[in-house]
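# Fold and contact review
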Amino acid sequence: MQLTLDLDSEVPIYLQIRDRVVEAVARGEAREGDPLPSTRQLAADFGINFHTVNKAYDLLRQQGVIRINRKSGAVIRRDHSTGPPEAGFTEAWEERMRVLLAEATVHGLDREEVMRRCAAILAGFASGERVTL
């Protein structure tokens, strides 16, 4: 799994790490049981504070994407083949989606454009490719 971060972005680095891991799992680059780099290793690779990586991994753990074991480190907990979502996931996801769709509406994207972009992104996950629109 190759992670790419934009250290000059306004998006906090811990959220970028979280997002890139989730996208990698969605594309099939990382699967259930696959290990993630240690927090210290990933921090060293990017030249960032390891507490930033800890924050990202803790968020991924809270969201049920990874599990953290003192001996084996961070491991992917679920992927698309793991089964149905856990209780409460769908409701929380719908709330986040509601805000994203509201932003699209506020900025003038019509329904057809939103649907086209969503379909392209989902197709990219299915094909294992990162889609840029």
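Attention in this report is confined to the structure presented alongside it.

Thresholds applied
- Residues numbered from 1 in each chain as written.
- Predicted model: local features only at pLDDT ≥ 70, side-chain atom pairs only at ≥ 80, totals over all residues.
- Heavy atoms only, no water.
- Buried < 20%, exposed > 50% of the residue type's maximum accessible area, 1.4 Å probe, protein only.
- Helix = DSSP H or I, 4+ residues; strand = E, 2+ residues; numbered from the N terminus.
- Arc of directions from axis to C-beta.
- Core = buried A, V, L, I, M, F, W, Y, C linked by side-chain atoms within 4.5 Å.
- Contact = heavy atoms within 4.5 Å.
- Axes fitted to C-alpha atoms, helices over the stretch in contact; angles between N-to-C directions.
- Parallel < 35°, antiparallel > 145°, perpendicular 65-115°, else oblique.
- Left-handed = near helix turned anticlockwise from the far one by under 90°.
- Nonpolar A, V, L, I, M, F, W, Y, C, P; charged D, E, K, R; others polar.
- Pairing = 2+ DSSP bridges.
- Salt bridge = Lys/Arg side-chain N within 4 Å of Asp/Glu carboxyl O.

For helix α2 (residues 39–46), the set of buried residues is Thr 39, Leu 42 and Ala 43. The buried side chains of α2 occupy one side of the element, clustering within an arc of 100° when seen end-on. Along α2, exposed side chains directed more than 90 degrees from the buried face belong to Arg 40, Ala 44 and Asp 45. At the C-terminal side of α2, Gly 47 shows a positive phi close to 70°.

The subject of this paragraph is the nonpolar core. Of all hydrophobic cores here, the largest spans 18 residues; its most connected members are Ile 17, Val 21, Leu 36, Val 53, Tyr 57, Ile 66 and Ile 76. Going through the elements one at a time, α1 (13–26), α2, α3 (50–62) and β2 (73–76) are the ones with two or more residues in this core. By residue number, the principal contributor to this core is α3, which donates 4 residues. The contacts of Val 53, once residues within four sequence positions are left out, are Ile 17, Thr 39, Leu 42, Ala 43 and Ile 48.

Here we come to the packing of α2 against α3. Helix packing geometry: the angle between the two helix axes and the distance between the axes. Relative orientation of the contacting elements α2 and α3 amounts to 125°, with a least axis distance of 8 Å. Between α2 and α3, the angle falls in the class oblique. With respect to the hand of their crossing, α2 and α3 are arranged in right-handed fashion. Contact residues: Thr 39, Arg 40, Leu 42 and Ala 43 in α2; Phe 50, Val 53, Asn 54 and Tyr 57 in α3. Among the residues forming the contact of α2 with α3, the class breakdown is 5 nonpolar, 2 polar and 1 charged.

Of the strand pairs in this sheet, strand β1 (residues 66–69) and β2 are connected by 4 bridges, and their pairing is antiparallel. In the sheet register, Arg 67 faces β2, and the bridge partner there is Val 75. Where β1 hands over to β2, the hairpin turn is made up of 3 residues, counted between the paired strands.

Let us look at the pattern of salt bridges. In total, this model carries 8 salt bridges according to the counting rule given. For Arg 18, the salt bridge goes to Asp 19, with nearest N and O atoms at 3.1 Å. We classify Arg 18 as buried; its relative accessible area is 15%. When the shortest N-O distance is used, the salt bridge between Arg 116 and Glu 113 registers 2.8 Å. In this pair, Arg 116 and Glu 113 both sit in helix α5 (residues 111–127), 3 residues apart, roughly one turn of the helix. What makes Glu 113 partly exposed here is its relative accessible area of 22%. Within the structure, one salt-bridge network assembled from shared partners comprises Glu 113, Arg 116 and Arg 117.

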